[in-house]
Protein chains: 4
Amino acid sequence: MVIVMKPNTEREKVEKIKNKMLSLGCEVHESKGTNRVLLGLVGDTRRINPGQIEANENVEQLIRVMNPFKLASRDFHPEDTVVKVNGTKIGNGSMVVIAGPCAVESEEQLMEIAVNVKANGANMIRGGAFKPRTSPYSFQGLGEEGLKLLRKAKEITGLSIVTEVMDQENLDMVAEYADVLQIGARNMQNYALLKQAGMSSKPIMLKRGLSATIEEWLMSAEYILSKGNPNVILCERGIRTFEKYTRNTLDLSAVPVVKELSHLPVVIDPSHGTGKWNLVEPMAKAAVAAGADGLMVEVHNQPEEAVSDGGQSLKYDNFKSMMNTVQKIYAVR
Amino acid sequence: MVIVMKPNTEREKVEKIKNKMLSLGCEVHESKGTNRVLLGLVGDTRRINPGQIEANENVEQLIRVMNPFKLASRDFHPEDTVVKVNGTKIGNGSMVVIAGPCAVESEEQLMEIAVNVKANGANMIRGGAFKPRTSPYSFQGLGEEGLKLLRKAKEITGLSIVTEVMDQENLDMVAEYADVLQIGARNMQNYALLKQAGMSSKPIMLKRGLSATIEEWLMSAEYILSKGNPNVILCERGIRTFEKYTRNTLDLSAVPVVKELSHLPVVIDPSHGTGKWNLVEPMAKAAVAAGADGLMVEVHNQPEEAVSDGGQSLKYDNFKSMMNTVQKIYAVR
Amino acid sequence: MVIVMKPNTEREKVEKIKNKMLSLGCEVHESKGTNRVLLGLVGDTRRINPGQIEANENVEQLIRVMNPFKLASRDFHPEDTVVKVNGTKIGNGSMVVIAGPCAVESEEQLMEIAVNVKANGANMIRGGAFKPRTSPYSFQGLGEEGLKLLRKAKEITGLSIVTEVMDQENLDMVAEYADVLQIGARNMQNYALLKQAGMSSKPIMLKRGLSATIEEWLMSAEYILSKGNPNVILCERGIRTFEKYTRNTLDLSAVPVVKELSHLPVVIDPSHGTGKWNLVEPMAKAAVAAGADGLMVEVHNQPEEAVSDGGQSLKYDNFKSMMNTVQKIYAVR
Amino acid sequence: MVIVMKPNTEREKVEKIKNKMLSLGCEVHESKGTNRVLLGLVGDTRRINPGQIEANENVEQLIRVMNPFKLASRDFHPEDTVVKVNGTKIGNGSMVVIAGPCAVESEEQLMEIAVNVKANGANMIRGGAFKPRTSPYSFQGLGEEGLKLLRKAKEITGLSIVTEVMDQENLDMVAEYADVLQIGARNMQNYALLKQAGMSSKPIMLKRGLSATIEEWLMSAEYILSKGNPNVILCERGIRTFEKYTRNTLDLSAVPVVKELSHLPVVIDPSHGTGKWNLVEPMAKAAVAAGADGLMVEVHNQPEEAVSDGGQSLKYDNFKSMMNTVQKIYAVR
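Residues numbered from 1 in each chain as written. Chains lettered and ligands numbered in written order. Predicted model: local features only at pLDDT ≥ 70, side-chain atom pairs only at ≥ 80, totals over all residues. Heavy atoms only, no water.

### Digging into the overall build of chain A
Right, on to step 1. A count of helices and strands for chain A gives eleven helices and 14 strands.
Right, on to step 2. Each principal axis of the C-alpha distribution contributes one length, and for chain A these read about 75 × 40 × 40 Å.
Right, on to step 3. Per-residue burial for chain A yields a buried fraction of 66% across its 333 residues.
Right, on to step 4. Taking all contacts inside chain A whose residues are at least 6 apart in sequence as the whole, residues at least 24 apart take part in 68%.
Right, on to step 5. Of the accessible surface of chain A, which amounts to about 11100 Å², a share of 46% is contributed by carbon and sulfur atoms.
Right, on to step 6. When the 40 basic and 40 acidic side-chain charges of chain A are each reduced to a single mean position, those positions are 3 Å apart. (Helix = DSSP H or I, 4+ residues; strand = E, 2+ residues; numbered from the N terminus. Buried < 20%, exposed > 50% of the residue type's maximum accessible area, 1.4 Å probe, protein only. Contact = heavy atoms within 4.5 Å. Areas by Shrake-Rupley, 256 points an atom, 1.4 Å probe, with all protein chains shown as cover. Lys, Arg positive; Asp, Glu negative; His and termini not counted. Charge placed at Lys NZ, Arg CZ, Asp CG, Glu CD.)

Right, here's the structure in full:
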């Protein structure tokens, strides 16, 4: 950390803050400029509370130098984390495709979609049994009934299950059925849920919050890792910007940035990332080209009858076409 | 709703979608332009699922006309909601001040602050016993011990208690101590928590999410209202923008906008809204001038020793000065 | 500046960059942490090119400590700048109101409005003769004819003229008529125009760009100041965010922030800042409470017939009401 | 357009606005809902001024249905525009690479870089002779001297020249040397410059503004097209968001969106789009995979000595590597 003192702060007050930092166990290196004094803090800065320094009226600015995450950081864990889900590995350089409907609606719907996405090369099935909906009047999911249908789809196709857990209460129940527990964008900073996910034995797919910086996203992963669960998969699904044509702005630069800062695998969700089915294929190709470890895509047998997110769901032929082109990109990326 | 068909869509396909809408119970009014057909839907549009329409490949755009909230809407509830908290009324044209530390730290700290803010005119005390922290390594709050201290502060000062509930598990426990349950910005779309808050008998202070539109904020209020709890207080605390000098951008236009769209009271938190103690007083004055029903402000006896948010906490003399000036503004607004 | 070297950079490479910095005339203070070396640069850092340091593959991060503006900075000019426009002073603690139509449309329109806003207490008249329009098919302004009408309005009412200059070509011509030259939000980084404005003898009202940080805004002021024109008035008019209900998000915290960082006066434009006439009065009150040096407000005799921005223009009675309430706020702020 | 009247507006006032719309030459289709009346306007709506409708106090909302651009729209120009620059075609399905330094610095620098990027497959050279810099104290470019060096580089390598024009004054001079005139992000809404560019015989590369929606970007293209210059190349270079790790957020979904809405070619600038040289290659690959018509990339012989943007410039070996991988992606996209 670097503390920038206000111009012309009295010596006595500079000394006071230096002594406080020393007492907390840091080394302090002072640099005197023409108007301002800088204090470089090194050593063990974990006991420093930034707010306390910012509250000092002689301090102009406090600058953090280190990333605040540790377990999620590549600095402390140089080799890539590879998450194993039954036979599938995520983060080992291959490309994993998770596909399925936004919501589990019925047995017919789910089985049909599962068989189709399997035939076209998907590795896992997605489908929500508990749905976070902006409106309390929208369909909220089939609940455990939906989980049972996912299990049946798995029995038929062999596809592992990725499904969302929305609250602490149901985490254990969802974990009985799911192979990967998804924590949605709106819950990225639901710390109670993150802590509980950290105590689960199931891998966690952590979606980036709508307005979360990459640093905050990795800090949320840190919550899970710090509770003992090393199997975190990050999922970028678009961030909120001023652009109105797309539902969100898919931040594909998150792929190489996460790869640089962290050892965790990262997958891309171009369905939520764009909100429009016709943008899914080009963005899926771009994601693979950028180095993503996988894709998460919404596919529906009848988008025009889907209970949610019909507008961003691929039909079977579009999914087939997408798989075709992303595999070609993957082969040469 | 208005459906805009793609240019030159065949008549048969227009008829198909019209018939579907009719079958769902709407009236359909067609307008033919040079290239495009518009379908105006009126009547009971609640059974329409927007995603299904957007999934139709002949549809260019679906435009919603009505606000999606009902119980939170002034259309359906023209008179202002006044929330009563012990003797204090919020939303009746008066100005309520909620003050206290970011986190409850100790008995000495809390009692001292409580006595001071009471003496300077605060109506309620704030203080977190459960703290949502970006880092798992930061202080997470005293838990129930903190709630007991809040109760003690209330006994001494008579100030009602506003404190945050972070998860479903602890809601009942927090409600035993608190007069108002705060749902924080990061939990604004934690729907499980919202539903449970809707079943509580305590008033709920619902903070706006960092990147929530006003419409989404009112939809989260709708979750609470629709479960039977009519006592929702909205709290604007800054939104996330590109500007880096302030921690967030305080959106004061939310005050008149909420007053226009909804009947619910709205208070402003200039501490989180700016992140800098020296900006709190000017923004508090501006909030009152804009018509806010109240203020929520962080005050600390020793910001330089605060366990969290020291940089945005007012000292006693700053709080006194703020109370002074906001009261003058209030008197003439 | 502080250079953060990558973890475990070889000593030789640290020395190389230290020597380069020394050769540019800075002092270099080194702090060694467990993994990283920090280099604090003090003294004359103006000859350092940040991009060159960032290009060094051993550098993790370059942190600027000082604000990049000088002439616009309160550090180097502690007393407030007061801009004099004929009899009116902006920045001396009084509150200046600039009112008038979005665009000059006709003699009848402008004279009527001018007389009305004068009667209700405005200090200056606004009105565009050259209009920046998103669409090439929209009304682009009356040009010099509009400027002549503004001069006539000044002759009748005594109100000084604030009007926009959109390009270098017309700056001298506009300056013949105007008392204050406005540079619009879209031109905030039109550096050729800024330089020319810096050579004008007329005060410049510099609007903040839609997505400009406060630092960038002050850097644009620096362009004008550095060419010798000390009379810059800053105007906040809303920034672009994700919120859709308002046209822009009015960032009122810019008022106290600008007052802290700079000595230049700052006025608020609640008309563009909100885009809705019914939000203008509450936001004008809030702006005055926050300490603004003035307001810039659109007023029209017949908003329903206005050639531009009718939706955000006040009618006479609304303007009268606004003047009334802002004066009360001003009296006690 | 659709006009939404406020709930329970009196019949007489609805009739008044209907009559006004009829008098402007539109057809009006009325739909009566339970509370609100909708007026669908079809036919020739060009004479309608939206602000005038919004100014009507009985109007709740005005909803535009059609895109506001015409000449830039694929609706009115279904086939792709192919821009020819000497032998190179942009927009015909091939992939064009424009490479070179941020700024022209010296003869040695430019010739060396030109020869290198040519050898590695670039089709055109970029390099600024006039530089838009945030600070008035930064290097502002070599001016005409820089243009002469670009001409020399072209003579040596045969590469066509893309260079920025910052103001009207120099447009003709820049056009004497350049093959493509670049209009920078900060000037995207400098309408005087756009109009002049529309009268030039040279193709225009129009960069997207930092906070411009895709619609506004196409409206700026419309300014150029409407003045008679059909050769507009769009260039996405990152938008401003809350994310701080990258300089901007590269919006790659702009590629398929522009392809859908418009017939104009679109190229991607991953150098400005990320601000970090190590993110350029992955984002260049993603851009090609998404369907971009070309790339614009900063390359420097010695980024650590570059006068500007060193941190985002590729070295020769990185550029070579990038060309290699993007060509592989291009072959299969």
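### Section: helix α7 (residues 214–226) of chain B
Residues and elements named next belong to chain B.
Right, on to step 1. Spanning 13 residues, α7 covers 18 Å between terminal C-alpha atoms, matching the ideal 18 Å at 1.5 Å per step.
Right, on to step 2. Most of α7 sits out of view: eleven of its 13 residues are buried.
Right, on to step 3. If you follow the buried residues of α7, they end up packed against α6 (191–198), β11 (204–207), β12 (232–236), α8 (254–261) and β13 (266–268).
Right, on to step 4. In the segment just after α7, Gly-228 is the residue with positive phi, at about 110°. (Expected span 1.5 Å × (residues − 1).)

### A look at the interface of chain C and chain D
By convention, interface size is frequently given as the accessible area that disappears when the constituent parts associate.
Right, on to step 1. Residue-level contacts link 48 residues of chain C with 48 residues of chain D.
Right, on to step 2. Roughly 4000 Å² is buried in total at the junction of chain C and chain D, and carbon and sulfur atoms are behind 45% of that figure.
Right, on to step 3. The interface formed by chain C and chain D contains six salt bridges.
Right, on to step 4. When the shortest N-O distance is used, the salt bridge between Arg-240 of chain D and Glu-216 of chain C registers 2.7 Å.
Right, on to step 5. Taken together, the connections running from chain C to chain D amount to 37 residue pairs in polar contact (both at pLDDT 80 or more).
Right, on to step 6. Put simply, the parts of the chain that give the side of chain C that touches chain D at least two residues each are α2 (50–54), α5 (168–177), α6 (191–198) and α7 (214–226) of chain C.
Right, on to step 7. Broken down by element, the side of chain C that touches chain D gets its largest block of residues, five residues, from α7 of chain C.
Right, on to step 8. Classifying every residue of the side of chain C that touches chain D gives 16 nonpolar, 17 polar and 15 charged. (Buried area = accessible area lost by both parts, 1.4 Å probe. Salt bridge = Lys/Arg side-chain N within 4 Å of Asp/Glu carboxyl O. Polar contact = N/O pair within 3.5 Å; in protein donor to acceptor, adjacent residues only side chain to side chain. Nonpolar A, V, L, I, M, F, W, Y, C, P; charged D, E, K, R; others polar.)

### So, the relation of the copies chain D and chain B
Right, on to step 1. Least-squares fitting of chain D to chain B yields an RMSD of 0.1 Å, with the transformation described by 0.1 Å of translation along the axis and a rotation of 180°. Given the turn and translation reported, the copies of this chain are related as if by a two-fold rotation axis. Ranked by how close their C-alpha atoms come to the rotation axis, the residues of chain D are headed by Phe-242 of chain D, at 2.3 Å.
Right, on to step 2. The share of interface residues of chain D whose copies in chain B are also at the interface is 95%, consistent with both copies meeting through the same surface. (Least-squares fit on C-alpha atoms with pLDDT ≥ 70 in both.)

### Considering the domain arrangement of chain A
Right, on to step 1. Considered domain by domain, chain A is made up of domain 1 (2–63) and domain 2 (83–332).
Right, on to step 2. Domain 1 of chain A and domain 2 of chain A are separated by 44 Å when their C-alpha centres are compared. (Domains from an automatic or database assignment.)

### Topic: the sheet that holds strand β8 (residues 124–126) of chain C
Strands belonging to one sheet form pairs held by backbone hydrogen bonds; the direction of such a pair is parallel or antiparallel.
Residue and element names in this part refer to chain C.
Right, on to step 1. Pairing within the closed barrel is parallel, and its eight strands lie in the order β7-β8-β9-β10-β11-β12-β13-β14. For this sheet, the mean inter-axis angle between neighbouring strands, taken without regard to orientation, is 25°.
Right, on to step 2. Pairing geometry for strand β13 (residues 266–268) and strand β14 (residues 294–298), over two bridges, is parallel. Bridge pairing in β14 links Val-267 to Gly-294. (Pairing = 2+ DSSP bridges. Axes fitted to C-alpha atoms, helices over the stretch in contact; angles between N-to-C directions.)

### Focus: the pairing of strand β2 (residues 26–32) of chain D
Residues and elements named next belong to chain D.
Right, on to step 1. Judged from the seven bridges that link them, β2 and strand β3 (residues 37–43) form a sheet pairing that is antiparallel. Residue pairing across strands places Glu-30 opposite Leu-39, the latter belonging to β3.
Right, on to step 2. Linking β2 back to β3 in an antiparallel pair, the connection comprises four residues.

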